[in-house]
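Survey of secondary and tertiary structure
Each chain, written out:
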Amino acid sequence: MDIIRATDLVKTFRHAAAVDHISLRVSRQECFGILGPNGAGKTTTVKMIYCFFEPTSGKLEVLGEDARKNIRRVKEGIGVCPQENNLDPDLTVIENLRVFARYFDIVGARALSRCEELLRFVGLYGKRHSVIDELSGGMKRRLIIARSLVNSPRLLILDEPTTGLDPQARHQIWESIISLKKSGTTVLLTTHYMDEATHLCDRLVIMDKGKIVVEGSPKELIRQYAGSHVIEISPAGEAAGNYLKQKGLTFEKTPTHFFVYAQKGPEVFSDITLKFGESGCALRMANLEDVFLKLTGRELRE
Amino acid sequence: MMNISLRSMRVWQRNFDVYLVTWKVNFIPPLLEPLLYLFAFGIGLGQLVKDVPYEGAQVSYLRFIAPGLIATAVMNHGFFETTYSSFVRMYYQKTFDAMLSTPLTIEDVVMAEMIWGATKALFAGSIMFVVTLLFGLLSMPMALWIIPVAFLSGLTFSAMGMCFTAYVKNIEMFNFPVFLFITPMFLFSGVFFPLSSLPAWAQAVAWCLPLTFLVSSLRSIALGSFGMAVIWQILVLAALGFACVLISLSAMKKRLLK
Ligand SMILES: Nc1ncnc2c1ncn2[C@@H]1O[C@H](COP(=O)(O)OP(=O)(O)OP(=O)(O)O)[C@@H](O)[C@H]1O
Ligand SMILES: [Mg+2]
């Protein structure tokens, strides 16, 4: 069964389309990523999926229900970690979870044991009676992730879950996501960390200006759009540029660097270093960031 | 109707939980407020003003203003909860956004906020009720009707507050309804003097203010002169409350979900 099935989804804010005819399918137990520059429409897409925004047009089915009609039923099965922290500052750490569980009609001893279990899971049990303002940014993030799990969701929506976390916390959350996935949870993830997407996502889309630019598994996308290796050359001198053109290599130029995408990386690398010397040349594996920058460009978004 | 379920009581419970945490602080102002009023008006102004004519009889000034003070407490606490307090929860704390990622709908959340406002109005009205009762200013058992009327009209003023909350851009803008609406009502709805002492045109204006209806009905109840007029006044408040509930539900939905 498809957990998410979106067809021709559009969301318009005052005439400007934030999400512009996108279609996607996510199946059970998949980790599906949405990447894209700032303002691409990731959060807007995700908010339609958890029934916060009603789509302007298009068809949207989530957990087998029409997301316009059976809003309550859809939301019952979803856990959301929003991009913006919205913990309840009037309540303590554990009260935040307990009150949130109550919104799902989870009450009493069952709620309390679930909340304590989750606080242990994200390493905040010792802070359970703290007020929210006393938590660090990363702790708040971890608490939100715990909160998104109170209803044991079938679909977990994580909008930039690890932004602002230290490497320890990030890796711990990655492990949690993987173990949740193993136990049958479907995960929808947006992130700006390409290593995170590569590590976690079975499939992903890259969005730009409200549209899906490309879809595939991280490996496929890297192979297809960046080849196997990238050679970085700095500074981006004229001689090197002419050489690359003459050899018919695919490359990009920035003010300081050439990025050469090559299927046969090591061979090309030794050719280049023979001609221009080792210093300022580096060979590395192609990664998702190369794909991302190649497809969405290097300019800042307004 | 519009997607409201019993689950919305979960939102009410959230507000009640927060209220209980600081209940001592929450309790003191509504308790001191009536004492201050009674002191100022009873002992201060009461020396100058002896008896006030009411329905052909003479009543003491304190007995005259006591129901008005209950009405004022109901209005203030109902209105301020769904304006300033709800706005803080909605705008600064993003509490509504968090609730909306659960099976709660926007209608659940907004309705619960208004019922919570009515509850706060009920608390404040009840404290005022008890204090004035202890001063012997209410005629029992008829005066007990003040309690349900306080809740109902509390909902009316909460719903009015929520209508403003659905439209204001920032929290400072609440100064307008307070200055143009709440303060004039406090002064000209017959809390402090009989409306009959005003010229006819001013009386007509006063009967356009919701608080006038509440003061008048509570005064009839408190002084034991219950009649058809009271029923009508309460029905007007209920109808106004119902209209404001409908307006605020749809306006808040537009505001939050665009
Ligand atoms: N509530 C809103 N009202 C009006 N415009 C909005 C609203 N939310 C988002 N937008 C606009 O929609 C577009 C997409 O925004 P969105 O938040 O979905 O981007 P995003 O991909 O999540 O970006 P980021 O990486 O910065 O989180 C932006 O141009 C934004 O200005
Ligand atoms: Mg976003």
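Residues numbered from 1 in each chain as written. Chains lettered and ligands numbered in written order. Predicted model: local features only at pLDDT ≥ 70, side-chain atom pairs only at ≥ 80, totals over all residues. Heavy atoms only, no water.

Further remarks concern the site of ligand 1. Taken together, 14 residues are adjacent to ligand 1, and A:Gly39, A:Lys42, A:Thr43, A:Thr44 and A:Gln83 come closest. Chain contributions to the surroundings of ligand 1 come from chains A and B. A:Asn38 is positioned such that a nitrogen or oxygen atom in its side chain is 3.0 Å from an oxygen atom of ligand 1. Note that an oxygen atom of ligand 1 is positioned 2.8 Å from one of the backbone N or O atoms of A:Gly39. (Near = heavy atom within 4 Å. Polar contact = N/O pair within 3.5 Å; in protein donor to acceptor, adjacent residues only side chain to side chain.)

This part is about the coordination of the magnesium ion (ligand 2). Taken together, A:Thr43 (OG1) and A:Gln83 (OE1) make up the protein donors of the magnesium ion (ligand 2), found 1.9 to 2.1 Å from the metal. Remark: A:Gln83 occurs in the loop between strand E6 (78-81) and helix H3 (93-103) and A:Thr43 occurs in helix H1 (residues 42-49); sequence separation between them is 40 residues. (Donors = N, O, S within 2.8 Å, 3.2 Å for Na, K, Ca; no water. Helix = DSSP H or I, 4+ residues; strand = E, 2+ residues; numbered from the N terminus.)

Moving on: the interface of chain B and chain A. On the side of chain A, 25 residues touch chain B, which itself brings 26 residues to the contact. When chain B packs against chain A, close to 2,500 Å² is buried across both sides, 51% of that on carbon and sulfur atoms. On the surface where chain B and chain A come into contact, there are eight salt bridges. Among the ionic pairs, A:Asp105 bridges to B:Arg7, the shortest N-O distance being 3.6 Å. There are 15 residue pairs in polar contact (both at pLDDT 80 or more) connecting chain B and chain A. For the side of chain B that touches chain A, the secondary-structure elements that each account for two or more residues are helix H1 (9-21), helix H4 (95-99) and helix H10 (228-257) of chain B. Here the side of chain B that touches chain A gets six residues from one element, more than from any other, and that element is H1(B). Its residues assigned to classes, the side of chain B that touches chain A comprises 10 nonpolar, eight polar and eight charged. (Contact = heavy atoms within 4.5 Å. Buried area = accessible area lost by both parts, 1.4 Å probe. Salt bridge = Lys/Arg side-chain N within 4 Å of Asp/Glu carboxyl O. Nonpolar A, V, L, I, M, F, W, Y, C, P; charged D, E, K, R; others polar.)

The subject of this paragraph is the sheet that holds strand E11 (residues 229-233) of chain A. Adjacent strands of a sheet pair through backbone hydrogen bonds, lying either parallel or antiparallel. All names here are of chain A. An order of E12-E13-E11-E14 is seen for the four strands of this open sheet, with the pairing classed as antiparallel. Across the chains shown, the open sheet's two edge strands, defined by having one partner strand only, are strand E12 (250-253) and strand E14 (281-285). The sheet shows a mean angle of 20° between the axes of neighbouring strands, direction not considered. Relative to strand E13 (residues 258-262), E11 runs antiparallel, the two sharing five bridges. Paired with Ile233 across the two strands is Phe258, which belongs to E13. (Pairing = 2+ DSSP bridges. Axes fitted to C-alpha atoms, helices over the stretch in contact; angles between N-to-C directions.)

The tally for this structure, following the rule as stated, stands at zero disulfides over all chains. Sulfur of A:Cys51: no disulfide; nearest cysteine sulfur belongs to A:Cys81 and is 17 Å away. Of the residues examined, A:Cys51 reaches a relative accessible area of 9% and is grouped as buried. Left unpaired, B:Cys244 is separated from the closest cysteine sulfur, that of B:Cys163, by 4.4 Å. Judged by its relative accessible area of 9%, B:Cys244 is buried. (Disulfide = S-S within 2.5 Å. Buried < 20%, exposed > 50% of the residue type's maximum accessible area, 1.4 Å probe, protein only.)

Our next topic: the domain arrangement of chain A. Structurally, chain A comprises domain 1 (2-216) and domain 2 (228-285). A straight line from the C-alpha centre of domain 1 of chain A to that of domain 2 of chain A covers 40 Å. (Domains from an automatic or database assignment.)

Now for the pairing of E6(A). All names here are of chain A. Residues Ile78 and Val80 of E6 are buried on one face, and the alternating residues Gly79 and Cys81, pointing to the opposite face, are buried as well. Judged from the four bridges that link them, E6 and strand E7 (residues 155-159) form a sheet pairing that is parallel. Counterpart to Gly79 in the pairing with E7 is Leu156.

Residue and element names in this part refer to chain A. Applying the stated criterion to the full structure yields 28 salt bridges over all chains. Residue Asp2 is joined to Arg25 by a salt bridge in which the shortest nitrogen-to-oxygen separation is 3.0 Å. Pair noted here: Asp2 is in strand E1 (residues 2-13) and Arg25 is in strand E2 (residues 16-27), with a separation of 23 residues, a long-range link. Accessibility expressed as a relative area gives 46% for Arg25, which makes it partly exposed. The closest approach of N and O atoms between Asp290 and Arg284, which form a salt bridge, is 2.9 Å.

Below, the discussion takes up the side chain of A:Ser148. Residues and elements named next belong to chain A. Secondary-structure assignment places Ser148 in helix H5 (residues 137-148). Among the polar contacts made by the side chain of Ser148, one reaches the main-chain carbonyl oxygen of Ile145 at a distance of 2.6 Å. Those residues within four positions of Ser148 in sequence are excluded, and the remaining contacts are Gly79, Val80, Cys81, Pro153 and Leu156.

The next thing to look at is the packing of aromatic side chains. Residue and element names in this part refer to chain B. Under the definition given, this model contains 27 aromatic pairs over all chains. Ring geometry for Phe79 versus Phe80: centroids 6.2 Å apart, planes at 75°, classification edge-to-face. Overall, the relative accessible area of 30% leaves Phe80 in the partly exposed class. Taking 5.0 Å as the distance between ring centres and 80° as the angle between the ring planes, the aromatic pair formed by Tyr91 and Tyr92 counts as edge-to-face. (Phe/Tyr/Trp six-rings, centres within 6.5 Å; stacked < 30°, edge-to-face > 60°.)

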